[in-house]
Amino acid sequence: MLMLWMFGRDLEVVWGKRRFLNFFLACGVGAGLIEMVVKLIPQFWGHVPSDIPTIGASGGIFGILMANAILFPDRKIWLIPLPVTIPMRPYVAVMGAIEFFMTLGSGGDGVGHLCHLGGMLVAYLYLRRGSLLYNVRNTVTDWKHERNRKRFQVYANKHKQDPPSRPDNWVN
C-alpha cells in the first residue's frame, strides 16, 4: 500500500480519479487472469493444476510502477534503505527482473511473482500506442467527446435564434 500511495498519487493527479481507478482495476484483473491461465497450462499435459488461490492487489501495484516508468521515466526516487536516488525507469526494470528471477526459482514462497509480472504486462499493453487496450480506451473516450460536442451544438443552435436581451430588461 505504500507503493500505491507513493506512485499512484502522481497518476491520479495526471489522469483523474476515474481513469486511475479503471487502470488500477484493469491491471489487477488482468494480472489475475494471466495467473489463472498460466496455472491451467500444466493441465494440458496431464498434471494437476495448482490450487493455491491468488489474492491481493499486487498486480495492480506493479502496473502502477510500470505506468510511472512509462510516463515519468527520469523522475528520481529514493531507495528506502540506502540514501541513493535512482531514475524511475531503471528502478522498475530492476524490480521486474527480480520478479522474473523469483518466478523461476519460486518454490512455494506464497508470493504471486507471476501475477506481478502480469500486472506490468497489462500496464504496458494498456499504455502502449497501437495495442488493443489503448485503441478501446481511446475509442470510448472519442465517442464520449463527440457525443458531448453534439449535445453542445444542439444547445448552441437552439439559443442562437433568440435575440439578445435588451438593456432595459436588465435588473441591477
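Residues numbered from 1 in each chain as written. Predicted model: local features only at pLDDT ≥ 70, side-chain atom pairs only at ≥ 80, totals over all residues. Heavy atoms only, no water.

Caption draft 1: The pattern of salt bridges, seen in detail. Across all of its chains, the model carries four salt bridges by this definition. For glutamate 12, the salt bridge goes to arginine 9, with nearest N and O atoms at 3.5 Å. Of the two residues, glutamate 12 and arginine 9 are both situated in helix α1 (residues 2-15); the distance of three residues between them amounts to about one turn of the helix. Arginine 9 gets classed as partly exposed once you look at its relative accessible area, which sits at 47%. Between glutamate 35 and lysine 39 there is a salt bridge whose closest N-O contact spans 3.6 Å. With glutamate 35 and lysine 39 both in helix α2 (residues 17-40), this residue pair falls four residues apart, about one helical turn. This pair shows no difference in class: glutamate 35 is buried, exactly as lysine 39 is. (Salt bridge = Lys/Arg side-chain N within 4 Å of Asp/Glu carboxyl O. Helix = DSSP H or I, 4+ residues; strand = E, 2+ residues; numbered from the N terminus. Buried < 20%, exposed > 50% of the residue type's maximum accessible area, 1.4 Å probe, protein only.)

Caption draft 2: Region of interest: the packing of aromatic side chains. Scanning all chains against the criterion turns up five aromatic pairs. The interplanar angle of 15 degrees and the centroid separation of 6.3 Å between the aromatic rings of phenylalanine 20 and phenylalanine 24 together place this pair among those described as stacked. Taken as a pair, phenylalanine 20 and phenylalanine 24 lie in helix α2 at a separation of four residues, close to a single helical turn. Each of the two residues, phenylalanine 20 as well as phenylalanine 24, counts as buried. An aromatic cluster of at least three residues, connected via ring pairs, comprises Trp15, Phe23 and Tyr126. (Phe/Tyr/Trp six-rings, centres within 6.5 Å; stacked < 30°, edge-to-face > 60°.)

Caption draft 3: Main features of the nonpolar core. Core analysis: the largest hydrophobic core is formed by 25 residues, its most contacted members being Leu11, Phe23 and Tyr91. Contributing elements (two or more residues each) for this core: α1, α2, α3 (58-71), α4 (88-105) and α5 (113-127). For this core, the element with the most residues is α3, which contributes seven residues. Ignoring sequence-local partners within four residues, the contact set of tyrosine 91 consists of Met3, Phe7, Leu65, Ile77, Leu79 and Ile86. (Core = buried A, V, L, I, M, F, W, Y, C linked by side-chain atoms within 4.5 Å. Contact = heavy atoms within 4.5 Å.)

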